[in-house]
Amino acid sequence: MDMTDIKPLDPYRWTITSTPKPVILYGNKALIEEMDEKVREQIVNVTKLPGLVGAAMTMPDAHWGYGFPIGGVAAFDPDEGGIISAGGVGFDISCGVRCLRTNVFINDVSGHLLQIVDALFNTVPAGVGSEGEIRLSMTEINKVMTGGAEWALRKGYGVREDLNYVEEKGCMADAEPDNVSDQAKKRQLGEMGTLGSGNHYLEVEVVEKIYDAEAARAFGISEGQIIIAIHCGSRGLGHQIGSDYLVALAKAAGRLGIHLPDRELACAPILSEEGQRYIGAMRAGINCALANRQIITHLTREAMSSIIPDIHIETLYDVSHNTCKQEKHRVDNKERELFVHRKGATRALPPGHMLLPERYKQTGQPVFIGGSMGTGSYLLAGNPVEQNQAFSSASHGAGRKMSRHQALKQWHGRQLIDELERQKIYIRSKTMRGVAEEAPGAYKDVDEVAEATEKGGLARRVAFLRPLACIKG
DNA sequence: ATGTCC
């Protein structure tokens, strides 16, 4: 990024001086300098949208996205003409991470990793257009969209206890399946319980290092323990909702005379008819993703217990990183009801927050920074609002630093898999191309991102997780 | 991200 007009507020928060409304870029100097120029352009565009409250922000893992940057956070006030944007949520609505805690340790699995990775790969469908065993009717898909993980539980996937540790207790209220096109629904009829492609994965990890012993105790983790992370979203349904509403919101913006600095920022006022329709459809997409991760949790339990019969797997936490949520935030000493877009950014609720399960009340919300294939991930905990100035948001991953196209030119999938296998990290994927696109070298340094996340006050590190086995789409 | 261009 060209550092002209970019000034540090402190070593981990930067502002762009030439914008009428504030921008805050989170990250150390190196991360900001290496960030694509497009990120600056896109976040400055976001400040020009009606009803923005406070600053438009980017997390330390930010990179170029559709309209909004991935790693972007922006809150809007409905009473000040605030908008909702499909590009501000992302095409993969409610893409997120379900983190599972097991009762087994590295010594219990190290001799079985090949069996484990094959069992997972054979049990959890992955890849573009992948379908599972589940076939739904158009009536049933409507129930998915209102029930979320609760629907999956009723169908026999998972245990009641899981839902305690899922955002919204597994069911997003006020979802409107009627606002979702038949085309979107049809795309999803065979895709429940599937991982998808791209950066989605299911990974077996070991707790390598504990940073915060007290929070680790609350999270129920200790060194050497096996953790499983499921990263996926709302598949074809969410994508189709995004595509449908991009058109609808662009029309609304035109009709209502909203100036769009970039047509990819198609949006409508939260209080407009189109805005309300998208919000209902997006919430239906959120439930689809929550149900999807609930089913995959069940499939993971099946696959893991076929290799390690005594394994017991609990949900540590499930949090989305592509959403727009209605939340109460205190701004300039006034409590306001805002719509917070988090695109490639996770919610990070502070200690004591009413929406947290009892188990995490003292520590704050578990936050998951999913690293690139083979490099490791971090568990963090949400900070008090005095420290987190980003509407209780934090980084969601390592963040790409190179395009997929560029990565393809630089790496071969097969070679990457062999190289990782030599490090005893086992990868299974439907496509070698996908693996090359996801090369660790195409991502930022996850250690740097996690450190910047902590030093920027967004969340504090609890544990580093080292990858053992990973299945990719 | 995505039935990777109906």
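Residues numbered from 1 in each chain as written. Chains lettered and ligands numbered in written order. Predicted model: local features only at pLDDT ≥ 70, side-chain atom pairs only at ≥ 80, totals over all residues. Heavy atoms only, no water.

Glancing now at the pairing of strand β19 (residues 459-472). Counting buried residues in β19 gives 12 out of 14 residues, a clear majority hidden from the surface. Across nine bridges, strand β8 (residues 201-210) lies against β19 in antiparallel orientation. In the sheet register, Tyr201 faces β19, and the bridge partner there is Lys472. Here strand β16 (residues 377-382) runs beside β19; their pairing, made up of six bridges, is antiparallel. Bridging from a neighbouring strand, Ala381 pairs with Arg460 of β19. Note: strand β18 (residues 426-429) against β19, four bridges, orientation parallel. Bridging across to β19, Ile427 finds its partner in Cys470. (Buried < 20%, exposed > 50% of the residue type's maximum accessible area, 1.4 Å probe, protein only. Helix = DSSP H or I, 4+ residues; strand = E, 2+ residues; numbered from the N terminus. Pairing = 2+ DSSP bridges.)

With numbering matched to this structure, UniProt assigns "active site" (unreviewed entry) to His396. Along the chain, the position of His396 falls in the loop between β17 (393-395) and α12 (404-410). Discounting residues that sit within four places of it in the chain, His396 has contacts with Asp61, Ile70, His321, Gly344, Ala345, Thr346, Phe368, Ile369 and Gly370. Of the polar contacts made by the side chain of His396, one reaches the side chain of Asp61; its length is 2.6 Å. (UniProt positions renumbered as here; feature names shortened; annotations may be inferred. Contact = heavy atoms within 4.5 Å. Polar contact = N/O pair within 3.5 Å; in protein donor to acceptor, adjacent residues only side chain to side chain.)

Around DNA strand B lies a shell of 16 residues, among which Val128, Arg187, Ser197, Asn199 and Arg235 are the nearest. Take the atoms of DNA strand B that sit within 4 Å of the protein: sugar and phosphate atoms are 56% of them. Within the side chain of Glu191, a nitrogen or oxygen atom sits 3.0 Å from a phosphate oxygen of DNA strand B. The separation between a base nitrogen of DNA strand B and a polar side-chain atom of His239 is 3.4 Å. Secondary structure elements with two or more residues in the surface near DNA strand B: α8 (182-188) and α10 (235-255). When residues of the surface near DNA strand B are assigned to their parent elements, the largest contribution, three residues, is made by α10. (Near = heavy atom within 4 Å.)

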